[in-house]
Amino acid sequence: MNRISEFAIGLLFGWGLLISGMTDPGKVIGFLDLAGTWDPSLAFVMGGGILVGLMGFTVAKKRTRSILGSAMHLPTSRDIDRRLVLGSLTFGAGWGLAGFCPGPGIVAMGAGESKAALFVVAMIAGMLVFEVLDRWAKAQATRGAGA
């Protein structure tokens, strides 16, 4: 039942991205172009997502188990650290340059958009490079602490 609900929610999310235009890089770049011909329509998409998320988290905070019976695992960290800030800046720069963020990029790739396929491949490559560098840095820190 969990896999069916995950599929249904993912399908609904992808459908919403297509309908709202979030998979169109031109629309996204128009939204981010505050100094040019600004397209505010995606602000309504984001606002709707935030509203639904707030309602969902409000209900979830009152529960100990999900609707399907598994344990609730809500985020607890409120730390704003260097990794969060650098990751946010990198994400924003990539979104502004490519016009895609991960969810819409995957949906657009599934819809046959070749630019989105290139974006998704580059995104996965970036995640792999980060993973390798992060493991290397942790290994260096462990060696340095043990010396």
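Just so you know, the residues in each chain are numbered from 1, in the order the chain's sequence is written. Totals for whole chains, interfaces and linings use all residues, but because this is a predicted model, local features are given only for residues with pLDDT of at least 70 and pairs of side-chain atoms are given and counted only at 80 or more. Side-chain metrics rest on all non-hydrogen atoms present in the structure, leaving aside hydrogens and water.

Moving on, we get to a nonpolar patch on the surface. For patch building, the residue pool is restricted to those with more than 30% relative accessible area and no salt bridge; the joining distance is 9 Å between like charges and 5 Å between nonpolar side chains (Val, Leu, Ile, Met, Phe, Trp, Tyr). The accessible surface values rely on the Shrake-Rupley method and a 1.4 Å probe; as for residues, cover is taken only from the protein chains in view. Criterion for a salt bridge: a side-chain nitrogen of Lys or Arg within 4 Å of a carboxyl oxygen of Asp or Glu. Among the surface-exposed residues, I80, L84, V85, L86 and L89 lie close enough to one another that they form a single nonpolar patch of about 490 Å² accessible area. Counting from the N terminus, the helices are DSSP H or I runs at least four residues long and the strands are E runs at least two residues long. Here L84 shows up in helix α4 (residues 82-98).

Let us look at the layout of surface pockets. A pocket here means an open set of points on a 1 Å grid, computed over the protein atoms alone, that has protein on both sides within 12 Å along at least five of seven lines. A cavity is instead a set of points where a 1.4 Å probe fits but cannot get out; residues with an atom within 4 Å of a point line either one. Grid points are joined across faces, edges and corners, and a volume is the space filled by probe spheres set on the points. Size it by volume and the largest pocket reaches roughly 830 Å³. Lining the largest pocket are 26 residues, with I9, L12, F13, V52 and G53 sitting closest to its centre. Those elements that place two or more of their residues in the lining of the largest pocket are α1 (2-20) and α3 (41-61). As a working rule, the residues Ala, Val, Leu, Ile, Met, Phe, Trp, Tyr, Cys and Pro are called nonpolar, Asp, Glu, Lys and Arg charged, and the rest polar, with Gly in that last group. Looking at side-chain class alone, the lining of the largest pocket contains 14 nonpolar, ten polar and two charged residues. Space inside the second largest pocket adds up to approximately 610 Å³.

At a minimum axis distance of 10 Å, the contact between α1 and helix α5 (residues 102-110) shows a crossing angle of 85 degrees. Between α1 and α5, the angle falls in the class roughly perpendicular. Touching F13, G14, L17 and L18 of α1 are G103, P104 and V107, all from α5. Its residues assigned to classes, the contact of α1 with α5 shows five nonpolar, two polar and no charged. Orientation is described by lines fitted to C-alpha atoms, with helices fitted over the stretch in contact, and by angles between N-to-C directions that extend from 0 to 180 degrees. Put simply, angles under 35 degrees are roughly parallel, angles over 145 are roughly antiparallel, angles from 65 to 115 are roughly perpendicular, and the rest are oblique. The contact criterion used is simple: two residues touch if any of their non-hydrogen atoms lie within 4.5 Å.

Once that is clear, we can look at the pattern of salt bridges. One pass over the structure, following the stated rule, counts five salt bridges. We note a salt bridge from K27 to D39, for which the minimum N-O separation is 3.2 Å. Of this pair, K27 sits in helix α2 (residues 25-32) while D39 sits in the loop between α2 and α3, placing them twelve residues apart in sequence. Looking at K27, the relative accessible area reads 24%, which means it is partly exposed. A relative accessible area of 22% places D39 in the partly exposed class. Across the pair D134 and K138 runs a salt bridge, and its minimum N-O distance is 3.2 Å. Within this pair, D134 and its partner K138 are both found in helix α6 (residues 114-146), separated by four residues, close to a single helical turn. What makes D134 buried here is its relative accessible area of 14%. When salt bridges that share partners are traced, they join R83, D134 and K138 into one network. With a 1.4 Å probe rolled over the protein chains alone, any residue whose accessible area is under 20% of its type maximum counts as buried; one over 50% counts as exposed, and the rest are partly exposed.

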